[in-house]
Structures are given as C-alpha cells and as structure tokens.
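# Commentary on secondary and tertiary structure
If you want the building blocks of each chain, they are given just below.
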Amino acid sequence: MGYRLWTLIVKELQSLLRDRQGRLLLIMPVLIQVLVFPFSSTLEVKNSTLAVLNQDSGAASVELIQRLASTGAFSHVLLVHGDQALREAIDEQRALLALRFPEDFSRRLAAGRAAPLQALIDGRRSNAAQIAFGYVQTVVTGYVDDQLAARGAAPPSAVVVQNLYNPNLEYRWFVLPSLVAIITTIGAMIVTALSLAREREEGTFEQLLVSPLTPGLIMVGKAVPALIVSMIQGSIIAAAAVWGYGVPFTGSLWLLYGAMLCYGLSLVGFGLLISSVCATQQQAFLGVFSFMVPAVVLSGYLAPVENMPALLRYLSFIDPLRHFIVIVKGLFLKQFDAALVWPSLWPLLLIAVLTLATAYTVFRRRVA
C-alpha cells in the first residue's frame, strides 16, 4: 500500500515537472512577486506633486514651502497664481494635494497668533491624499514647534510616537511576511485544483479509479505534492525576505514550518474540493481564481478585518489566509511563541479537517 501511494506521489511530481510550462508555472510566480511586490505593494506616498498658492510672500511661508519640498513625499512643488489655478491643479490631477497660504500667514505667526492654512485634497485618491496630508501636518507642526523654541516659549503638549516591531516603518517588513502566505496559497491551490481535472482531460481518470488505490489514498497522493510545492515556495520567499530584503525573523523556524504545514492542509482541502467538482483544467483554474480574490480581500492584507461589516468579519473566519498572515507576521516581527501562535493555528486545523472531509465526500460521490 505504501509503495502504491509513493508511486502516485512520484507520478504527480513528474507531471508537474516534466515540461517547461509546468516548471515555469511553479517558479515564475515566486520570482515575479518577490521582485515586484515589495516595491509596488506599498501605502507610502512618494514623488507626488504639491500645488501651492502663496498669497503671503513672507519668510515663514517660504521656509515652510522649502521644508515641504525637501520631503520625499513631494518631489515637485507646483506654484500657482489664483484660486482658479489651484482648483484646476486638483481637477486635472496635476497635484495630489494643494495648500493655500493666506496673505497674513507670516504676520500672524510673528505675532504669536494662530495662522490657519487651507488644504485641498483630491477625494478621488482619498487614501494617498490623506497620507500626504498627514505628512504636511507633521512638517507644519515641526515648523511651529521650532518657531516657539526660537522664542523661548514652550511648545504645546505633543504625543510621542514609538513604532513597535518596525521602528523605521519599512513597508517591506509588512509586505514580505504576508507574501509568504500569498505565494503558498497560489502554489497549493493550483497544484491540487488542477490535479484531478488534468486526469479527466488526459483520459487517465478511469485508470486511476481501477488501480488498487482507495479514494482516500488517491486524495492523499494528490495532496502531498501540493504540500511539497507550497513548502518549497514559502521557504524561498521567507529566505528572500530575511537575506535579500533584511526583514528580521524573530520567531521559531519549527513553528513557521508547522504552521505552514497546517495552512497547506487547509488549502489542499479547498483545492481538492474545487478539483472534485470541475471537469476541465480551465474550470479548475477559474475556481482557484474565484477563491483567491475573496481570500486576499478578507485576509486583512489589503484592509483591516475590523473595518469590515459584521457579515464579512464572520465570513473571514473560514479564510485560512487570514489566520496564517497573523502567524507569519508574528513569527517574523513579534517573536511569537507557541502560546501566541495557537489562537490562529487551531482555526487552520479546523478548516483543514472540514474542507478535506467535504472534498473526500464529494469525490466519493462522483466516482460512485
């Protein structure tokens, strides 16, 4: 029995690696995403344009504009003349953010009075514009504090920010641990979802059924290669994160691979379920795509789960990607131990049991 199962596993691995297209399907997503995602998937605002209408012409407004221009967020400061030109810079998307300095800005600051500024934000790019506005607020607050200190006046009370787990706010430290989970998802889902569908298209499905293997062993033989592929792909991304991008790994390597195995089992359950109900590889691939998009959206990678409506928060509990992202981020950045991993690990085990049992039941009924 063990030899027959091993033969099936070897056959699956040979099917994956025998042609150039199959090898590229396993390797290229890993290489492309590890090169592209850390630089493109970021919420940082850089090299944007700031439109400025300066009606003041005093020293304070000039210095403040220079400080804003020296930040990495605004590589270009567009000086406009008139309220209409300021509005057009936003309407035509030539500027992400616009500032209007009133005529008495410098005079009010010199007199120690409040000197308001008007900011116009492009609501069509609300997320990036709000982040850019936060940068402007930081620069303005720093300038006002410097002016108060120069006069010997104590600045107003301020909140002291301490960034835990990522002191320099390197966004790649957040992206790459999540990428370990996403790449693992792609590898496990594609390999398992296409396995049974490929047998049907190639006409070998009936031969597989008449072989001396039970449906349970057939599913195990289809699942093991997917687990191997996902573990290798996840290891490549984790190694690239640590040695290529300098992301610290503070947890236990054994906990990472144990969680990766449990996560792979939960993905295999979904993949085998998709493969059991699909007749062609095209249908299986569309099934994987239909699973991946909601899984990423509900995982908390793009937006916090707490911000979602109650129905989606409950639905996200059956998303294995949500739980594994918490684990992998904790192991990389937060020095998670077994006690901290367990609250996110047991849902993965529960999902794996339910999906594998459902996939087995569907497979038995289709071959009966």
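Read on for a plain summary of the structure.

Quick look at the pattern of salt bridges now. Scanning the entire structure with this criterion turns up six salt bridges. A salt bridge links Arg 94 to Glu 92, with the nearest nitrogen and oxygen atoms 2.8 Å apart. Here Glu 92 falls in the partly exposed class, since its relative accessible area comes to 48%. Residue Asp 104 is joined to Arg 108 by a salt bridge in which the shortest nitrogen-to-oxygen separation is 3.6 Å.

What follows concerns unusual backbone geometry. Of note in this structure, Gln 93 is not a glycine but carries a positive phi near 60°. Of note, Gln 93 is situated in the loop between α4 (83-91) and β3 (97-101). With a phi close to 60°, Gln 335 is a non-glycine residue in the positive phi region. With respect to the helices and strands, the residue Gln 335 is situated in the loop between α13 (320-333) and α14 (338-367).

With that out of the way, let us pick up helix α3 (residues 59-69). Listed as buried for α3 are Ala 60, Ser 61, Leu 64, Ile 65 and Leu 68. With its buried residues spanning 130° around the axis, α3 presents them on a single face. Exposed residues pointing more than 90 degrees away from the buried face of α3 are listed as Ala 59 and Gln 66.

The subject of this paragraph is the pairing of strand β2 (residues 74-79). A regular strand places its side chains on the two faces of the sheet in alternate fashion. As defined by bridge partners, strand β1 (residues 48-54) adjoins β2 across five bridges and the pair is classed as parallel. Counterpart to Leu 50 in the pairing with β2 is Val 77. Handedness of the crossover joining β1 and β2 through α3: right-handed.

Helix α10 (residues 253-277) packs onto helix α7 (residues 171-202) with a crossing angle of 35° between their chain directions and a minimal axis gap of 8 Å. Taken as a pair, α7 and α10 cross one another with a handedness that is right-handed. Note on element contacts: α10 touches α7 through Met 260, Tyr 263, Leu 267, Val 268, Phe 270, Gly 271, Leu 272, Ile 274, Ser 275 and Ser 276, opposite Val 180, Ala 181, Thr 184, Thr 185, Ala 188, Met 189, Thr 192, Ala 193, Ser 195, Leu 196, Ala 197 and Arg 200. Of the residues assigned to the contact of α7 with α10, the class counts are 14 nonpolar, seven polar and one charged.

All told, the structure shown has five aromatic pairs when counted by the stated rule. Geometrically, the ring pair formed by Phe 270 and Phe 291 is tilted, given 4.8 Å between the ring centres and 40° between the ring planes. Of the two residues, Phe 270 sits in helix α10 while Phe 291 sits in helix α11 (residues 281-298), which places them 21 residues apart along the sequence. Judged by relative accessible area, which is 17%, Phe 270 ranks as buried. The exposure class assigned to Phe 291 is buried, which follows from its relative accessible area of 15%.

So, about the sheet that holds β2. One open sheet holds the four strands; their spatial order is β2-β1-β3-β4, and the pairing between them is mixed. What marks the edges here is a single partner per strand, and that holds for β2 and β4 (118-121). Mean inter-strand twist for the sheet, computed between neighbouring axes without regard to direction, equals 25°. Summarising the sheet, β3 and β4 pair through four bridges and their orientation is antiparallel. Note on β4: the bridge partner recorded for Leu 97 is Ile 121. Packed on one face of the sheet, α4 meets β1, β2, β3 and β4 and runs near 165° to β3.

The topology assignment puts His 76 in strand β2. On the basis of relative accessibility, which here comes to 41%, the residue His 76 falls in the partly exposed class. Along the chain, His 76 and Leu 50 lie 26 residues apart, while their C-alpha atoms are 6.4 Å from each other. Ignoring any residue separated from it by four or fewer positions in sequence, one finds His 76 in contact with Ser 48, Thr 49 and Leu 50.

The grouping of Leu 312, Leu 315, Phe 317, Ile 318, Trp 342, Trp 346, Leu 349, Leu 350 and Leu 354 at the surface amounts to a nonpolar patch, some 800 Å² of accessible area in total. Only α12 (310-315) and α14 provide two or more residues apiece to the nonpolar patch. Counting residues per element, the nonpolar patch draws most heavily on α14, which supplies five residues. The residue Phe 317 is located in the loop between α12 and α13 in this model.

Quick look at the side chain of Asp 319 now. Here Asp 319 shows up in the loop between α12 and α13. Although Asp 319 lies buried, it forms no salt bridge, and the closest oppositely charged side chain, Arg 322, sits 7.5 Å away as judged by the N-O distance. Of note is the side chain of Asp 319, whose polar atom sits 3.5 Å from the backbone nitrogen of Ser 299. Ignoring anything within four residues of it in the chain, the contact list for Asp 319 reads Pro 294, Ala 295, Leu 298, Ser 299 and Ile 351.

On to α13, then. Taking 1.5 Å as the rise per residue, α13 with 14 residues should run 20 Å; its terminal C-alpha atoms sit 20 Å apart, in good agreement. Of all 14 residues making up α13, eleven are buried, and the element is well covered by its neighbours. Among the residues making up α13, those that are buried are Pro 320, Leu 321, His 323, Phe 324, Ile 325, Ile 327, Val 328, Gly 330, Leu 331, Phe 332 and Leu 333. Its side-chain oxygen placed 3.1 Å from the backbone nitrogen of Leu 321, Asp 319 serves as the N-cap of α13. Note on α13: the residue one or two positions beyond its end, Gln 335, has a positive phi of about 60°.

What counts, and where the lines are drawn
Residues numbered from 1 in each chain as written. Predicted model: local features only at pLDDT ≥ 70, side-chain atom pairs only at ≥ 80, totals over all residues. Heavy atoms only, no water. Salt bridge = Lys/Arg side-chain N within 4 Å of Asp/Glu carboxyl O. Buried < 20%, exposed > 50% of the residue type's maximum accessible area, 1.4 Å probe, protein only. Helix = DSSP H or I, 4+ residues; strand = E, 2+ residues; numbered from the N terminus. Arc of directions from axis to C-beta. Pairing = 2+ DSSP bridges. Right-handed = clockwise from strand over helix to strand, strands pointing away. Axes fitted to C-alpha atoms, helices over the stretch in contact; angles between N-to-C directions. Left-handed = near helix turned anticlockwise from the far one by under 90°. Contact = heavy atoms within 4.5 Å. Nonpolar A, V, L, I, M, F, W, Y, C, P; charged D, E, K, R; others polar. Phe/Tyr/Trp six-rings, centres within 6.5 Å; stacked < 30°, edge-to-face > 60°. Patch = residues over 30% accessible without salt bridge, like charges linked within 9 Å, V, L, I, M, F, W, Y side chains within 5 Å. Areas by Shrake-Rupley, 256 points an atom, 1.4 Å probe, with all protein chains shown as cover. Lys, Arg positive; Asp, Glu negative; His and termini not counted. Polar contact = N/O pair within 3.5 Å; in protein donor to acceptor, adjacent residues only side chain to side chain. Expected span 1.5 Å × (residues − 1).

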